[in-house]
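# Coordinates in review
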Amino acid sequence: MRSLRWILACAVFCLQAEAMAQPSGPSAHALPPAVPPVSDTLRSTIHLTGSSHQDIAWMDSPEKCKEQRDVVVITPALALMREHPDFRYGMENTLNLVEYLERHPDRYDEVLRLTREGKMEWGATYNQPYESMLSGEQLVRELYFGRKWIRTHLPGCDARVAWNPDVPGRATQMQQILAKAGVPYLMISRQKENLFRWKSPDGSSVIAYTPGHYYNHSLILAETTAVAAEKLGRKFSEWQTFFAGRGMPAQFGVLNSADAMGPQYFGKLVDHWNALPSPAQAPRPLMKHSSAEDFFRSVDVPGARLDTITGERPNVWLYIHGPTHHWAISAKRQAGVLLPAAEAFSTIDALLAGSWRGYPQKELNTAWAASIYDDHGWGGNQGQVTDQLFRSKADTARTIGKALLGRALGNIAARVKTAAVKGTPVVVFNALSWPRTEPVRAILPAGSYLITDAAGATVPSQQVAVPAGATEGGAAVTFIAQGVPSYGYATYYAVPDEGGAAQRPVTPAPATWESKHYMVRFASGGLQSIVDKDLKRELLKTDTFLGGEIFVMRSVGNGAGEFTSVQQPTMEGFDRLSTHAPVWRMEENGPVYAVFSMRQPLPTCTIVERVTVYHTVKCIDMDVAILGWNGDRYREFRLALPLAMTAPEIAYQVPMGTVRFRKDEMPGAAGFAYGTVDYSQPNVDVRPREVQNFVTASDASCGVTMSSDVAVVDFLDPTDHPVEGPVLQPILLASRRSCHGLGNWYLQEGDHHYRFSITSHVPGSAVGQRQAIGVNDPLIAVVQERRDAAASLPAVHGFLSVSATNWGVTALKKCDDDDTVVLRLYDMEGKDEEGTVRFMMPLSRVRAASIIEDDGAEVAHAGASIPLRIGHHAIETYKLYPGTPVR
C-alpha cells in the first residue's frame, strides 16, 4: 500500500538495509536440538516465485487497476509461459482470476490448462482482507469464493496457498479456517523473515512464510545477473543455517513481487547460477522457477521441525476501516449478520415446503461475494471511487440479506396456525442457537395495542408512534419475548386497545433511577454511577470520564501506511460532553423501559445520546447520534465506559473465537520487515483492537460486557494522565486520510448513529457475551399478513437446538453442490464439550465435512439427534441428509 513515489523511496531504503543494524536473515529463534539430516534425494533449492501484489485498487481506480492486472500482469505472464515452459507465476487471490475470465472468456482453455499444469497459480482466498474485521462466516466465505470456486470452475485445478502479504495483522482462527478448507500454506509479509507453523488455538496449523516484506527479494533480482547471484548466495547461506537443525534440506523461497509489478523471467540468472561450479564440500543448490506451492511442498516434508507460533497478531492498520469508513463497515457488519440468518431460514423454508426450488442460491452467492468484496486497499489514488464501490457492495449485501430473510420469515410465519380472533398475529423469530428472552419491537398499523402470548396472557408492552413519513409507518410496540427457541419462533398477538395510555410528556430526568437490576445516577454529560443491585457492586469509576460520555481528541494519522504501531490520538483540541453541562431529560417511561436523553451542540456537530433502562431485563442500552458532522480534519470521537476494576481480565470477540487482551496474542513482536520498518512493539501492547460483537472485563467478583456496534475498540485511557483500570472505548469516528500521496480524506460528513448495550454478571459467565451477540442479531417480529390454508406449525417451535451452551452455530444452509444441509458450529468458550444437536426432521445420514463442504467421515446419529464432541476452540462442519428427500 503506497504511492508510486513511495515505492521508489522504499526501494532506496531497502537497498540500504544490509548496511543497517537490523537483522536481515530468517528468524533467530533458538534452534531445536539437532536431528540427523534428511536424504539428499530432496535437493536444496532456490525457488524463484513470481507474483504481483494487488489491491483491488489503490494504484488507481478499480477499473483502471483491473485493466492493469490484465494488460501488465496476467496476459504477459501467460505469454511467458508459452515462451518458456519452465516459467511459473502466481496471483494472490481468486478475484483476480474471476475478473480476468470475465474480460477474456476466450482464454478460459489456456488458463485452465496452465493452472492444471501448475504453471499458473491463484491464491486460495477471494481477496486479501483485514481478517479480524470480517465475521467468522465472512472469513469462511473467503475460501468458498477462493479455493472452492477454483475447483468448481477450473476442473482438475486447485489452490493450496493463501496470500495476504500486505496486512500487518492475523486473525487467531484464520489458520484453522485455512487448514479445514484444505489450504495448508500461507504467504505473508510485514513480519520478520521466517518459515514457521502458525497454529490456531485448537491445534490446527498451516506452514507460513514471510520474506520480511513482499518486495525485498525483487530488489536483489533487479541487480545485474552476477550481483544478484552473489547476493542470493549470501541469503541462501543464512537459510542453510536456519534449516541446519530442522530436519530438511535448505529451501530458499525468493519472492519476486511489488505493487502492480509485471512478470519477469529469470532464465539468464538461472542458467548462470546452475552453471557455477559447486564447492567441494557440498553441492550447490539448484535454482529454478517455482510456484508458491512448489516452494511450500519442498519444506513440508516428514520430520521437518519448524517453530510454532500461536495467537492473534493485532492489526495496526485498523483505523482504515471502521473509524474512517463508518457507514460502509456498518453495512458490511450487518450483512454478516443478515446473510447467515437468511440462509438458515431459507433452508428451513425449503425443508418445510419439501422442495429446494425456491431456495435463493444465486441471490445468496451474489450477496456473500458483495459482503466480502472490499479488501485491505481502502483509499489510495482515486480513493473516493474505490471507497464508494466498496460501500456500494456492502450496501448491496445488506439489502439482499434483509430482503431474503424477510421473504423466508414471511413464508414460515404463514405456516403457523394462528387464531385471528385473538388479534393480529406477531411471530417473533430467533436466528441464534440458544433460547432468548429479550426485548423485541413490532411495527403495526397506526393504533393502540396490547400484546398477549399464545395462551392469551397479557405481556407488558410499550408503544411509541412511528413518525409520519417513516418507511416503517404506524406504531412501534416493544415487549419482552420470553424463551424464543433457538432457530425458531414464538407467537404473540397484538390486540387493539381503545383506552391506550397517552404518550408521557418529556420531563427533566431524576437524579437517580432504579430498575429491578440497576440503580443509575445521572450527571451532566454521562452516568455518574451504575450499581448492580444483584451483585451489590458499583460498576463505574468516574474519576476521569463519566459512563457513556462522548469525548473528542486530535487524531492525526493515516488509515494505513508505513508505520509500525497504531498512530494514537492526542490531547490537542480535547473536548468532552461534561464540559458543556448538557441536561438529561426523561423521554419515555412505560411498562417495559425508561428512556433518558441529552443533546449537546459542539463546534463540529451535535451529539444526542439516549440511555434506555429496562425494568426487568438486565441491560442498559446507549444510543448515540453524531448529527451534522462537518468533516473537520484529524478529529476522533469515542464513547467511554470507565469500570471500577483493578487488573481485570479483558476479552473481546474475534471471528469464530475470543481473544484475551495481553494473553492470547502472538508472542513478542512481528519484527523487522524492511528498510526502517521494524514492527518492534510487542503484540500484547497493540491497541486499539478489531472487535466483533462484544468486549468484556472481569475481576474476582464481577464481569461487565458491552456489545459493540463498531469494528474498533480501545480498553485503556488514552489521555495524557490515564487512570488505572479499564476504560472501554468504542471508536465511533475518525477523520484521517489515505497514506497514498494522491489519496483521499476520510471525512464522512453527515449523520452517524450507533447502539451499544451493557450488562453485568458474575465473573466467567458467558451470559453477557450471548446477550451482547443478540444485540447485534436481534429478535425479529413478523406480522402475519397471510396464513396458508394448510397452516399447521404450533405457536412456539424450534427448528434446530444444541444442548451445549458453549456451542455457537454460524451456518445452517443448503449445500452448494447437493441437496444436503450444511451445519457449522464452533466452541465459543475454549473448552471441550459433548452435546447433542437436534434437527427439525429425522435424518438418514450425517457426515463430517471440510469447511468448504467436502465430504468427510460418517457421524453417528439417531433420528433427528446428533451426539457430538467438539474440542476447545474448534470449528466443525457437518452435512445432514434429510430422511425425506428434498428436491
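Just so it is clear, the structure is predicted and the values come from calculations on it, not from any experiment. (Residues numbered from 1 in each chain as written. Predicted model: local features only at pLDDT ≥ 70, side-chain atom pairs only at ≥ 80, totals over all residues. Heavy atoms only, no water.)

### Details of the sheet that holds strand E25 (residues 585-589)
Taken together, ten strands build an open sheet; the order of strands is E18-E25-E26-E27-E28-E39-E36-E35-E30-E31 and the sheet is antiparallel. Sheet topology places strand E18 (507-508) and strand E31 (657-660) at the edges, where each strand pairs with a single neighbour. For strand E26 (residues 593-601) and strand E27 (residues 606-614), the ladder comprises nine bridges, and the chain directions are antiparallel. Across the sheet, Pro601 pairs through a bridge with Thr606, a residue of E27. (Pairing = 2+ DSSP bridges. Helix = DSSP H or I, 4+ residues; strand = E, 2+ residues; numbered from the N terminus.)

### Overview of helix H8 (residues 225-243)
Residues lying three or four places apart along an α-helix face the same way, a consequence of the helix completing one turn every 3.6 residues. Over its 19 residues, H8 extends 26 Å from the first C-alpha to the last, a length consistent with the 27 Å expected when each residue adds 1.5 Å. Buried residues of H8: Ala228, Ala229, Lys231, Leu232, Gly233, Lys235, Phe236, Trp239, Phe242 and Phe243, and no others. (Expected span 1.5 Å × (residues − 1). Buried < 20%, exposed > 50% of the residue type's maximum accessible area, 1.4 Å probe, protein only.)

### Here we look at the packing of aromatic side chains
All chains considered together, the criterion is met by 33 aromatic pairs. Aromatic rings pair up to connect Tyr185, Tyr209, Trp239, Phe242, Phe243, Phe252, Phe295 and Phe296 into one cluster. Seen from the ring of Tyr373, Lys393 lies directly overhead, with NZ or CZ sitting 4.7 Å from the centre. Over the ring of Trp356 we find Lys814; its NZ or CZ atom is 5.6 Å from the centre of that ring. (Phe/Tyr/Trp six-rings, centres within 6.5 Å; stacked < 30°, edge-to-face > 60°. Lys NZ or Arg CZ within 6 Å of the ring centre and 35° of its normal.)

### Section: the sheet that holds strand E49 (residues 875-882)
Two orientations exist for strands paired in a sheet by backbone hydrogen bonds: parallel and antiparallel. Pairing is antiparallel in the open sheet, where five strands are placed in the order E43-E44-E49-E46-E47. Looking at strand neighbours, the two that pair on one side only are strand E43 (807-814) and strand E47 (855-858), the edges of this open sheet. When strand polarity is set aside, the average angle formed by the axes of neighbouring strands in this sheet is 30°. Two elements, strand E46 (residues 843-849) and E49, share six bridges in a ladder whose sense is antiparallel. From the neighbouring strand, Val846 faces E49, where its bridge partner is Leu880. Set on the sheet, helix H5 (residues 136-153) makes contact with E43 and strand E44 (821-827); between it and E43 the angle comes to about 40°. (Axes fitted to C-alpha atoms, helices over the stretch in contact; angles between N-to-C directions. Contact = heavy atoms within 4.5 Å.)

### A word on the side chain of Arg141
By the element assignment, Arg141 lies in helix H5. The residues touching Arg141, leaving out its near neighbours within four places in the chain, are Glu343, Trp368, Ile372, Ala811, Lys813 and Arg824.

### Description of the environment of Arg436
Here Arg436 lies in strand E12 (residues 436-444). Under the relative-accessibility criterion, Arg436 is labelled buried at 2%. Residues Arg436 and Gly774, spaced 338 residues apart in sequence, show a C-alpha to C-alpha distance of 8.5 Å.

### Structural notes on helix H3 (residues 94-103)
Burial analysis of H3 places eight of its ten residues in the buried class, the great majority of the element. Those residues of H3 that sit buried are Thr94, Leu95, Asn96, Leu97, Val98, Glu99, Tyr100 and Leu101. Tucked inside the fold, the buried residues of H3 contact helix H2 (62-83), strand E2 (89-91), helix H4 (108-116), strand E3 (120-122) and H5. The distance from a side-chain oxygen at the start of H3 to the backbone nitrogen of Leu95 is 3.3 Å, and the residue carrying that oxygen is Asn93. (Polar contact = N/O pair within 3.5 Å; in protein donor to acceptor, adjacent residues only side chain to side chain.)

### Some points on the pattern of salt bridges
With the rule as written, the count across this model stands at 59 salt bridges. With a closest N to O distance of 2.8 Å, Lys663 and Glu649 form a salt bridge. Of the two residues, Lys663 sits in the loop between E31 and strand E32 (671-674) while Glu649 sits in strand E30 (residues 649-654), which places them 14 residues apart along the sequence. Residue Lys879 is joined to Asp855 by a salt bridge in which the shortest nitrogen-to-oxygen separation is 2.7 Å. Taken together, the positions of Lys879 in strand E49 and Asp855 in strand E47 put the pair 24 residues apart, joining distant regions of the chain. A residue is classified by how much of its surface remains accessible, and Lys879, at 2% relative accessible area, is buried. Looking at Asp855, the relative accessible area reads 43%, which means it is partly exposed. Here the salt bridges do not stand alone but share partners, grouping Asp818, Arg845, Arg847, Asp855, Glu858 and Lys879 into one network. (Salt bridge = Lys/Arg side-chain N within 4 Å of Asp/Glu carboxyl O.)

### Observations concerning the pairing of E49
Of all the eight residues making up E49, seven are buried; the element is thus mostly covered by neighbouring parts of the structure. Pairing between E44 and E49: six bridges, direction antiparallel. Residue pairing for E49: Tyr826 is matched across the bridge by Ile875.

### Let's talk about the nonpolar core
The tendency in soluble globular proteins is for nonpolar side chains to be buried side by side. Counting 182 residues, the largest nonpolar core has Leu195, Leu825 and Phe839 as the members making the most contacts within it. Top element by residues in this core is helix H11 (residues 326-353). It accounts for twelve residues. Beyond its immediate sequence surroundings of up to four residues, Leu195 is in contact with Ile207, Ala208, Tyr209, Trp239, Phe242, Phe243, Phe295, Val299 and Leu306. Judged by nonpolar contacts, the second largest core, of 51 residues, contains Leu641, Ile650, Val704 and Tyr754. (Core = buried A, V, L, I, M, F, W, Y, C linked by side-chain atoms within 4.5 Å.)

### Things to note about the environment of Gly631
Along the chain, the position of Gly631 falls in the loop between strand E28 (620-629) and strand E29 (635-642). The exposure class assigned to Gly631 is buried, which follows from its relative accessible area of 6%. Expressed as a C-alpha distance, the spacing of Gly631 and Leu747, which sit 116 residues apart in the sequence, is 4.7 Å. Sequence-distant contacts of Gly631, that is, excluding residues within four places in its chain, are made with Leu747 and Glu749.

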